Amino acid sequence: METMILKGESVRDRIFSEVKNDVELLQRIYGKVPGIAFIGFTGVPLGKYNMPLHVASAQQIGFRVFLQVMTAVLGILFRNTLESFRNTLTRSANKSNFVKINM
């Protein structure tokens, strides 16, 4: 079996280029810039390094970026709200012909 070495930067640049083209196409078709949201939590050790990198990358691609940093307590409430929403969807899907959504 032959080994192939991939250069991370070239793969990243190719993916970013494709996504940037898609973002521009969506903007031309719908007249709006697609958005992306990042939700971070205080107390996450690498969050102060990772979040700015993700935000900068998304902005470089052309997304409209929404950033929300929550305290750990709000993070727990947010998680509980998502779980409650998922449970509601699951109950609704079981009682009707809706497609079940797994999150």
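See above for the structure.
Residues numbered from 1 in each chain as written. Predicted model: local features only at pLDDT ≥ 70, side-chain atom pairs only at ≥ 80, totals over all residues. Heavy atoms only, no water.

**Thoughts on the overall build of the chain**
At step 1: Summing up its helical and strand segments, the chain has three helices and two strands in all.
At step 2: Each helix and strand of the chain, placed in order from N terminus to C terminus, yields the pattern α-β-α-β-α.
At step 3: The buried share of the chain, reckoned over its 103 residues, is 12%.
At step 4: Considering only contacts within the chain whose residues lie at least 6 apart along the sequence, 63% involve residues at least 24 apart.
At step 5: Entry remark: accessible area of the chain is about 8,800 Å², with carbon and sulfur atoms responsible for 60%. (Helix = DSSP H or I, 4+ residues; strand = E, 2+ residues; numbered from the N terminus. Buried < 20%, exposed > 50% of the residue type's maximum accessible area, 1.4 Å probe, protein only. Contact = heavy atoms within 4.5 Å. Areas by Shrake-Rupley, 256 points an atom, 1.4 Å probe, with all protein chains shown as cover.)

**Some points on the packing of helix H1 (residues 8-30) against helix H2 (residues 47-61)**
At step 1: Close contact between H1 and H2 brings their axes to 9 Å; oriented N to C, the two are set at 55°. Comparing the axis directions of H1 and H2 gives the class oblique. Residues Phe16, Val19, Lys20 and Val23 of H1 lie in contact with H2, whose contacting residues are Ser57, Gln60 and Ile61. (Axes fitted to C-alpha atoms, helices over the stretch in contact; angles between N-to-C directions. Parallel < 35°, antiparallel > 145°, perpendicular 65-115°, else oblique.)

**Regarding the pattern of salt bridges**
At step 1: Under the criterion given, the structure shown has two salt bridges.
At step 2: For Asp13, the salt bridge identified is with Arg12, shortest N-O distance 3.0 Å.
At step 3: Measuring nitrogen to oxygen at the nearest pair gives 3.7 Å for the salt bridge that ties Arg14 to Glu18. Of this pair, Arg14 and Glu18 both sit in helix H1, four residues apart, which is roughly one turn of the helix.
At step 4: Residue Arg14 is classed as exposed on the basis of its relative accessible area of 58%. (Salt bridge = Lys/Arg side-chain N within 4 Å of Asp/Glu carboxyl O.)

**Looking at the pairing of strand S1 (residues 35-41)**
Across a regular strand the side chains alternate sides, sitting on one face of the sheet and then on the other.
At step 1: Taken together, the seven bridges between S1 and strand S2 (residues 64-70) define a ladder with parallel strand orientation. Bridged to Ala37 within S2 is Phe66.
At step 2: Where the polypeptide runs from S1 across H2 and back to S2, its parallel neighbour, the crossover connection is right-handed. (Pairing = 2+ DSSP bridges. Right-handed = clockwise from strand over helix to strand, strands pointing away.)

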